[in-house]
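Below, each chain spelled out in residue letters.
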Amino acid sequence: MFRIHEKEVFPKLLDIRFLAEYVGSVPFDKQSEIPVGGKYPVGEFKKLAILKWGNQTERYKEYKDGISKFIEEDFSNPRYKEEAPLYKKSFESLISHLENEPNPFL
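Residues numbered from 1 in each chain as written. Predicted model: local features only at pLDDT ≥ 70, side-chain atom pairs only at ≥ 80, totals over all residues. Heavy atoms only, no water.

1. Some words on the confidence of the model for the protein chain
For the protein chain, the average pLDDT comes to 91, and 88% of its residues sit at 70 or higher. Between the elements of the protein chain, mean pLDDT differs from a low of 59, seen in helix H1 (residues 2-13), to a high of 98, seen in helix H5 (residues 84-100). (pLDDT = per-residue confidence, 0-100. Helix = DSSP H or I, 4+ residues; strand = E, 2+ residues; numbered from the N terminus.)

2. Details of the pattern of salt bridges
Counting across every chain of the model gives 3 salt bridges. When the shortest N-O distance is used, the salt bridge between Glu62 and Arg59 registers 2.7 Å. Here Glu62 and its partner Arg59 are both found in helix H4 (residues 57-74), 3 residues apart, which amounts to about one turn of the helix. Judged by relative accessible area, which is 22%, Arg59 ranks as partly exposed. Here Glu99 and Lys64 are joined by a salt bridge, their closest N and O atoms 2.8 Å apart. Pair noted here: Glu99 is in helix H5 and Lys64 is in helix H4, with a separation of 35 residues, a long-range link. Classification of Glu99 by relative accessible area gives partly exposed; the value is 37%. Note on Lys64: relative accessible area 25%, which makes it partly exposed. (Salt bridge = Lys/Arg side-chain N within 4 Å of Asp/Glu carboxyl O. Buried < 20%, exposed > 50% of the residue type's maximum accessible area, 1.4 Å probe, protein only.)

Quick look at the structure:
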């Protein structure tokens, strides 16, 4: 049984293009259906990186816009109001890194 996972499952989990196709298989408004681990906003940030590095350009832009809107809404949500500035700063830093640094998977 382990051999099947070793030969079929594990290699796919290490393949950024496979992961990007998996994450990109749903539009942003259904992104909660694709778990990648981590609480908000970490899971969403992971999805952004996966999409960018996996060359899912259109989905990357869609998720980038969607996450940006979520963070802006956080400023008026009492649950996230204190964390919202940190989320925004982290998001901007991630976007800068993804868009200005070489893809580590190329």
